[in-house]
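# Survey of secondary and tertiary structure
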Amino acid sequence: MRRRTLLLAAPALALSLPARAAAATPFALGVASGDPGPTGFVIWTRLMPAPGGALPDQPVPVDWVVAEDEAFRRPAARGQAMARPDEAHSIHVEVTGLRPGAWYHYRFTALGEASPTGRARTAPAPGAEDPLHIAVANCQQYEHGFYAAHRHIAASNPDLVAFLGDYIYEASWGRNLVRSHASPTARTLEDYRARYALYRSDPDLQAAHAACPWVVTWDDHEVSNDYGGEIGERERGAPFLARRAAAYQAFWEHMPLPRSARPAGASARIHRRIGLGSLAQIHLLDDRQYRHPQACQPPDRGGATRVTFDQCAELADPARSILGAEQEAWLTDGLARESVRWTLIAQQTRMARLGGRQAPPVYWTDGWDGYQPARARLLSQLAARRRDQGTPLVLGGDIHAFLAAELRPDFDRPETPACAVEFVATSITSQNNARYALPFPNDPHITYADASRRGWLSLRLTQRDAVATMMALDNPLDATSGASPLARFAVAQGMPRLETA
Ligand SMILES: [Fe+2]
């Protein structure tokens, strides 16, 4: 109750909706679309009770319509879905029968009210090579800043947002907080639902969801800090799996995901491929759920640590996987079969090796540095592929910093050709105290790093090249902050090498 009151007091929300609608609409969390295919996409909403009220403890019918025009004079598809209480009155409609590469408008009606309108674009037709603009974003701790980055993303008219994890944070942390979760660390389904609802109440986040389809994966904070597989930092066994099941359920309820991603208990298959004509294919990975726990965990807890190779034989163990055997095989197979201009490997953590300046190097075990043989397997496959199968771009997040790197199967042989280029998008808001100062003598493949700024990455793909622009906010503590390009890199199709653009 206190949370709802705070939420409605937010001045930006009051500005974005008429006062009466803000008080009465069941669509206070906005609308979203996701996972575009050539003939459709997923549309999502979740009904919320009016302040002080409640939704019926039974399914509520929600009518939906997709139209070619903003005024909904030319409807292209329509139907009715049931918003069920056991899914927090969310709905996920897989719309089909649409034209490829086309923009549509959609909205919902329930309980006598109409939702805001969203825009979504279907994927290009197989064979098409239309240019694409993808916004890459992650890590949006609500207390650390306002979502000015999302307002700018919406205004930049991307075809797609790729969101790479830490959509919510289960816990409060950091300094100079600008707003509050106003609730303790999330552990139960009710807690996680409330956390998503709070984040989703933000009008700038709603605007980015309404602007285009999103493809989403998760990282650790959708459950708990640095969890790996079935082991949390501070809990394991049945209590951790019960928490993971609650967290996965709430993620599903709040994301524009297809039915195939619906969890069963503490499991949910969210790794999947998104085909974007012949220009690109996204392999969207889940490097949390199936991984071996982080290497050489301290005796008193789970989670990650910093170790050298001498201190931790597990770092070199080829049996350890960050994706799990099944997902690794799925990725290997998909990479072997495809033929596109751009192979986008979208995942949650940094892939480039980074062992600091010291000798011997010290590795953080949470990301791919903790799974180096598994990383070498993937990069060796990319190095061995035919050029016409796709130029690999790895997209990542998690480190709350911008980073650009050239990837090789053996990072100790910088004279060998790179097999992929990596771009890591900084956080939307989440803080970072790290200082990245180039160059990294042990890791010369890292061309660029900046941990000082918050923002997102704008990626523009054509048949000829990929241009990545690191977009930085002036001030994440200011909801009206401006944003400007901090750095820009280009990659020529067929040549996985970083060039300053
Ligand atoms: Fe994060």
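As the structure is a prediction and not an experimental result, all values here were calculated from the model.

## Thoughts on helix H7 (residues 237-254)
The end-to-end C-alpha distance of H7 is 26 Å, a good match for the 26 Å that 18 residues give at a rise of 1.5 Å each. Three or more residues of H7 are buried, namely Phe240, Arg243, Arg244, Ala246, Ala247, Tyr248, Gln249, Ala250, Phe251, Trp252, Glu253 and His254. Buried residues along H7 sit in contact with strand E2 (40-46), strand E5 (90-95), helix H5 (189-200) and strand E11 (214-216).

## Examining the pattern of salt bridges
Applying the stated criterion across every chain, the model contains 29 salt bridges. A salt bridge links Glu87 to Arg262; the nearest nitrogen and oxygen atoms lie 2.9 Å apart. In this pair, Glu87 is assigned in the loop between strand E4 (75-83) and E5 and Arg262 in the loop between H7 and strand E12 (272-276), connecting sequence segments 175 residues apart. Residue Glu87 is classed as buried on the basis of its relative accessible area of 3%. Across the pair Arg243 and Glu235 runs a salt bridge, and its minimum N-O distance is 2.4 Å. Judged by relative accessible area, which is 7%, Arg243 ranks as buried. Several salt bridges share partner residues, and in doing so they unite Asp219, Asp287, Arg288, Arg291 and Asp366 into one network.

## Some remarks on the state of the cysteines
If you walk through the whole model with that rule in mind, you get 1 disulfide. Covalently, Cys296 is tied to Cys312 through a disulfide, its sulfur atoms 2.1 Å apart. Across the S-S bond of Cys296 and Cys312 the torsion is about 95°, and the bridge reads as right-handed. Here Cys296 is found in the loop between strand E13 (280-284) and strand E14 (306-307), whereas its partner Cys312 is found in the loop between E14 and helix H8 (325-337), with 16 residues between them in sequence. Not engaged in a disulfide, the cysteine Cys212 finds its nearest cysteine sulfur in Cys139; these two sulfurs lie 19 Å apart.

## A short note on the coordination of the iron ion
Looking at the iron ion, the protein donor atoms are Cys139 (SG), Asp166 (OD), Tyr169 (OH) and His400 (NE2), and they sit 2.0 to 2.5 Å from it. In this structure, the iron ion is coordinated by 4 donor atoms arranged in irregular fashion, with angles at the metal of 87 to 171°. Written as a sequence motif, the donor residues of the iron ion are C-x26-D-x2-Y-x230-H. Pair noted here: Cys139 is in the loop between strand E9 (132-137) and helix H4 (148-155) and Asp166 is in the loop between strand E10 (160-163) and H5, with a separation of 27 residues, a long-range link. As far as the burial class goes, Cys139 and Asp166 line up, both buried.

## Here we look at the UniProt feature "domain: PhoD-like phosphatase metallophosphatase" (unreviewed entry) in the chain
What UniProt calls "domain: PhoD-like phosphatase metallophosphatase" (unreviewed entry) maps, in this numbering, to residues 135-466. Within the segment residues 135-466, helix and strand shares are 22% and 18% respectively, and the terminal C-alpha atoms sit 13 Å apart.

## Considerations on the packing of aromatic side chains
Scanning the entire structure with this criterion turns up 16 aromatic pairs. On the basis of an interplanar angle of 70° and a centroid distance of 6.4 Å, the ring pair of Tyr142 and Tyr147 is categorised as edge-to-face. Residue Tyr142 shares its accessibility class with Tyr147, and that shared class is buried. Put simply, the rings of Phe163, Tyr167, Tyr196 and Trp214 pair up and form one aromatic cluster.

## Quick look at unusual backbone geometry
Cis geometry marks the peptide bond from Ala359 to Pro360; its omega dihedral reads -5°. Tracing the chain through its elements places Pro360 in the loop between strand E15 (342-346) and strand E16 (363-364). Along the chain, Leu438 connects to Pro439 via a cis peptide bond; the corresponding omega equals -5°. Relative to the helices and strands, Pro439 is located in the loop between strand E19 (420-424) and strand E20 (446-450).

## Section: the domain arrangement of the chain
Taken domain by domain, the chain consists of domain 1 (1-123) and domain 2 (124-500). Every contact between the two is made by 40 residues of domain 1 and, on the other side, 41 residues of domain 2. Taken together, the connections running from domain 1 to domain 2 amount to 5 salt bridges. Between Asp159 and Arg121 there is a salt bridge, and its shortest N-O distance comes to 2.8 Å. At the junction of domain 1 and domain 2, the tally comes to 16 residue pairs in polar contact (both at pLDDT 80 or more). Broken down by element, the side of domain 1 that touches domain 2 gets its largest block of residues, 6 residues, from strand E1 (residues 31-37). Its residues placed into classes, the side of domain 1 that touches domain 2 shows 20 nonpolar, 10 polar and 10 charged.

## A closer look at the side chain of Glu338
Positionally, Glu338 belongs in the loop between H8 and E15. When its relative accessible area of 5% is taken as the criterion, Glu338 is described as buried. Only 2.6 Å separates the side chain of Glu338 from the side chain of Thr343, close enough to count as a polar contact. Among all residues touching Glu338, those that are not within four sequence positions of it are Gln281, His283, Thr343, Arg385 and Gln389.

## Some remarks on the nonpolar core
Counting residues in hydrophobic clusters, the biggest one holds 42 residues, and the most contacted among them are Tyr167, Tyr192, Tyr199, Trp214 and Trp456. Breaking this core down by element, the ones donating at least two residues are E9, H4, E10, H5, helix H6 (203-211), E11, H7 and strand E22 (465-473). Ranked by residues supplied to this core, first place goes to H7 with 7 residues. Listed in part, the 36 residues of the second largest apolar core include Leu279, Trp342, Met470 and Leu498.

## Notes on the environment of Ser380
As for its position among the elements, Ser380 is in helix H9 (residues 372-384). On the accessibility criterion, Ser380 (36% relative accessible area) is partly exposed. In this structure, the C-alpha to C-alpha distance between Ser380 and Cys419, residues 39 residues apart in sequence, is 8.0 Å.

## With respect to the sheet that holds E13
Taken in spatial order, the 7 strands line up as E12-E13-E15-E17-E19-E18-E20 in an open sheet, and their pairing is mixed. The open sheet has two free edges, formed respectively by E12 and E20, since each of these has just one partner strand. With strand direction ignored, the average angle separating the axes of adjacent strands in the sheet is 15°. In the sheet, E12 pairs with E13 via 5 bridges, with the strands oriented antiparallel.

Reading the values: rules and limits
- Residues numbered from 1 in each chain as written.
- Predicted model: local features only at pLDDT ≥ 70, side-chain atom pairs only at ≥ 80, totals over all residues.
- Heavy atoms only, no water.
- Helix = DSSP H or I, 4+ residues; strand = E, 2+ residues; numbered from the N terminus.
- Expected span 1.5 Å × (residues − 1).
- Buried < 20%, exposed > 50% of the residue type's maximum accessible area, 1.4 Å probe, protein only.
- Contact = heavy atoms within 4.5 Å.
- Salt bridge = Lys/Arg side-chain N within 4 Å of Asp/Glu carboxyl O.
- Disulfide = S-S within 2.5 Å.
- Donors = N, O, S within 2.8 Å, 3.2 Å for Na, K, Ca; no water.
- Tetrahedral: all angles 85-135°; square planar, octahedral: opposite > 155°, others 65-115°.
- UniProt positions renumbered as here; feature names shortened; annotations may be inferred.
- Phe/Tyr/Trp six-rings, centres within 6.5 Å; stacked < 30°, edge-to-face > 60°.
- Domains from an automatic or database assignment.
- Polar contact = N/O pair within 3.5 Å; in protein donor to acceptor, adjacent residues only side chain to side chain.
- Nonpolar A, V, L, I, M, F, W, Y, C, P; charged D, E, K, R; others polar.
- Core = buried A, V, L, I, M, F, W, Y, C linked by side-chain atoms within 4.5 Å.
- Pairing = 2+ DSSP bridges.
- Axes fitted to C-alpha atoms, helices over the stretch in contact; angles between N-to-C directions.

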